[in-house]
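Spelled out, the chains give:
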Amino acid sequence: MSVRMPAPDAAVLARRDEIVAALRRIVPGEGVIATTREMRPYESDGLTAYRQLPLVVVLPSTTEQVSQVLRFCFDNGVKVVPRGAGTSLSGGALPLGDGVLLGMGKFSKVRRIDFSDRVAVVEPGVTNLAITRAVEHAGFYYAPDPSSQIACTIGGNIAENSGGVHCLKYGLTTNNVLGCEMVLMTGEVVRLGGSHLDAGGYDLLGVVTGSEGLLGVVTEVTVRILQKPETARALLIGFETPEAAGDCVGKIIAAGIIPGGMEMMDRLATAAVEEFVHAGYPLDVEAILIVELDGPRAECDHLVETVSGIARDCGAVTVRVSASEEERLLFWAGRKAAFPAVGRISPDYYCMDGTIPRAKLPYVLQRTRELSEKYGLRCANVFHAGDGNLHPLILYDANDADELARAEAFGADILRLCVEVGGVLTGEHGVGVEKRDLMPTMFSEVDLDHQQRLKCAFDQKGLLNPGKVFPELSSCAELGRMHVSGGKLPFPDIPRF
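Residues numbered from 1 in each chain as written. Predicted model: local features only at pLDDT ≥ 70, side-chain atom pairs only at ≥ 80, totals over all residues. Heavy atoms only, no water.

A look at the packing of aromatic side chains
In total, this model carries four aromatic pairs according to the counting rule given. Ring centres of tyrosine 375 and phenylalanine 410 lie 5.5 Å apart, and the angle between their planes is 15°; on these two criteria the pair is classed as stacked. One end of the pair, tyrosine 375, is in helix H14 (residues 361-375); the other, phenylalanine 410, is in helix H15 (residues 401-420), and 35 residues separate them in sequence. Comparing tyrosine 375 with phenylalanine 410 shows no difference in burial state: the two are buried. Residue placement shows lysine 461 over the ring face of phenylalanine 74; its charged tip is 4.0 Å from the ring centre. (Phe/Tyr/Trp six-rings, centres within 6.5 Å; stacked < 30°, edge-to-face > 60°. Helix = DSSP H or I, 4+ residues; strand = E, 2+ residues; numbered from the N terminus. Buried < 20%, exposed > 50% of the residue type's maximum accessible area, 1.4 Å probe, protein only. Lys NZ or Arg CZ within 6 Å of the ring centre and 35° of its normal.)

Right, dumping it as structure tokens:
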């Protein structure tokens, strides 16, 4: 493994049998998996380049069981890695050899739907798409829709603050989650938010969303559901260069139009998708945009005409408007199948995730092509163009150690480029282990220390998902020490309590 993880605790490893027996008393039956062969499916998440067997896998089915497991681990100094469906692409659910992997897959019930309040209360193991399936009969849906929505769970969505093709207009997970029940490392069960629109005091729900399993384990979620728009139409637009497509994105937004979704794919990705899905994508262009417009029919008709005009002014060589709901869904089926489609043309791919200002799209795409030539690896570009969230897919062969090393270096340069142009390291995949050591390119030491202090407020022993997000582990005691310089405390005139 090319990433450094916390050194295993020899004392915990020596007590493995005792720990497994204790966990079996808490979660009886088939809820504890302890053999090497049976734990093998849990050795990695969607970032399959990194693998590690856990100490033991625990699959609780109730909040009380989660509470007891965490309390036992807290009392005994055992690390815990929470896991949803394992679709994370940043190594956020990578196990630890001396840690419990806490799988939340059995929390798969839709507990309550309230159409008058427009909320659904679900367990964290409910898949993203299942929420929409549960409410669509009444004309509602759940807006965030990552490409993996058929498999990814709402608990994992909260951990990574996932988005999807509709995040431009309707927001990411943080904009669509109203409340949650969460178990702290001590075993204490807390509730944040609820069915109401907002809560007073600190925005703890905002802190938890996107916290990557470092603060607690979510056991129930209240999400906002939206009424399906009266009309939705999609435009499939082809360009001779990716830069022209990127320019079109900026001009659509500058015109005051916020599409329901705006996605872009380059020629390599388009060709792979078309062979896989047969969505009718043009194969003689260098980039395509899919732009979805929704709302009242008259508004949609007007916006379709306006966006078509902007596209042609930007050099579009083909503009096709969906003529039916089936054709609109087919356009999106191709985009959502981009990752598996690219998997057919390469033994492995490394999916990156960075976000940039929209105006920088043409420049970043050009620099990415230059980096592709530098590292000798192909790169298929697929991304949420509307909010500048890039997902370059670096194609490589994991059986070739040199190719893996080049893919990692290529990806790191893309992420540095994102920060250089005023963007950020991640849009929705999280930091995990993938971007952990790049955090100093975006945050100062003071910034990172404050973030760790926040973690310490929730997890004072640092047992929840250690080795992720922060480039260097510091104990809460170390972070809490008073800094002394030249034998003097800072601000000596301030009273000390």
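Brief notes about helix H11 (residues 297-313)
For the α-helix, the turn length of 3.6 residues means that residues three or four positions removed from each other point alike. Over its 17 residues, H11 runs 25 Å from end to end, which matches the ideal 24 Å to within 8%, given 1.5 Å per residue. All of the buried residues in H11 are Cys300, Leu303, Val304, Val307, Ser308, Ile310 and Ala311. Down the axis, H11 shows its buried residues gathered within 165° of arc, on one side only. Facing away from the buried side of H11 by over 90 degrees, the exposed positions are Ala298, Glu305, Arg312 and Asp313. Each element contacted by the buried residues of H11 is listed here: strand E12 (231-239), helix H9 (242-254), strand E14 (287-295) and strand E15 (318-321). The positive-phi residue at the C-terminal boundary of H11 is glycine 315, with phi of around 95°. (Expected span 1.5 Å × (residues − 1). Arc of directions from axis to C-beta. Contact = heavy atoms within 4.5 Å.)

Regarding the environment of aspartate 400
Topologically, aspartate 400 is positioned in the loop between strand E19 (389-396) and H15. Judged by its relative accessible area of 30%, aspartate 400 falls in the partly exposed class. Spatially, the C-alpha atom of aspartate 400 lies 26 Å from that of valine 273, the residues being 127 residues apart in sequence.

Re the sheet that holds strand E8 (residues 177-183)
Taken together, five strands build an open sheet; the order of strands is E5-E6-E10-E8-E9 and the sheet is antiparallel. With partners counted over all chains shown, the strands left at the sheet margins are strand E5 (110-114) and strand E9 (189-193), one partner each. Going across the sheet, the axis of each strand differs from the next one's by a mean of 10°, ignoring polarity. Relative to E9, E8 is paired through five bridges, and the arrangement is antiparallel. Residue pairing in the sheet places glutamate 181 in a bridge with arginine 191 of E9. (Pairing = 2+ DSSP bridges. Axes fitted to C-alpha atoms, helices over the stretch in contact; angles between N-to-C directions.)

Here's the deal with the sheet that holds strand E2 (residues 56-58)
Taken in spatial order, the four strands make up an open sheet running E1-E2-E4-E3, and their pairing is mixed. Each end of this open sheet is capped by a strand with a single partner; those strands are strand E1 (32-33) and strand E3 (79-83). As paired elements, E2 and strand E4 (residues 99-103) share three bridges and run parallel to each other. By the bridge assignment for E4, valine 56 is matched with valine 100. Here helix H4 (residues 63-76) sits on the sheet in contact with E2, E3 and E4, set at roughly 170° to E4.

Digging into helix H5 (residues 128-135)
Along H5, the positions that sit buried rather than exposed are Asn128, Leu129, Ile131, Thr132 and Val135. Across the axial projection of H5, the buried residues extend over an arc of 155°, all falling on one side. Among the structural elements, E5, strand E6 (119-122), strand E7 (140-141), helix H6 (154-160) and strand E10 (217-224) are those in contact with the buried residues of H5.

Side note on the nonpolar core
Within the largest apolar cluster, 94 residues are counted, with the highest numbers of intra-cluster contacts made by Ile131, Ile237, Phe239, Leu289, Val291 and Ile394. Ranked by residue count, the leading element in this core is H15, at nine residues. Once residues within four sequence positions are removed from consideration, phenylalanine 239 is found in contact with Ala244, Ala245, Cys248, Val285, Glu286, Ala287, Leu289, Ala311, Cys314, Gly315, Ala316 and Val317. If you look at the next biggest cluster of nonpolar residues, it comprises 29 residues, including Ile26, Val66, Leu70 and Val100. (Core = buried A, V, L, I, M, F, W, Y, C linked by side-chain atoms within 4.5 Å.)

Considering the pattern of salt bridges
With the rule as written, the count across this model stands at 29 salt bridges. The closest approach of N and O atoms between glutamate 18 and arginine 15, which form a salt bridge, is 4.0 Å. Glutamate 18 sits in the partly exposed class, given a relative accessible area of 48%. For arginine 15, a relative accessible area of 23% translates into the label partly exposed. Among the salt bridges present, the one from aspartate 437 reaches arginine 436, with a minimum N-O distance of 3.1 Å. Take aspartate 437: its relative accessible area is 46%, and that puts it in the partly exposed class. (Salt bridge = Lys/Arg side-chain N within 4 Å of Asp/Glu carboxyl O.)

Side note on the pairing of E14
Most of E14 is tucked away, with nine of its nine residues classed as buried. Two elements, E12 and E14, share nine bridges in a ladder whose sense is antiparallel. From the neighbouring strand, leucine 236 faces E14, where its bridge partner is isoleucine 290. Pairing analysis gives six bridges linking strand E13 (residues 261-266) to E14, with the strands arranged antiparallel. Each residue of the ladder has a partner; that of methionine 265, found in E14, is isoleucine 288.

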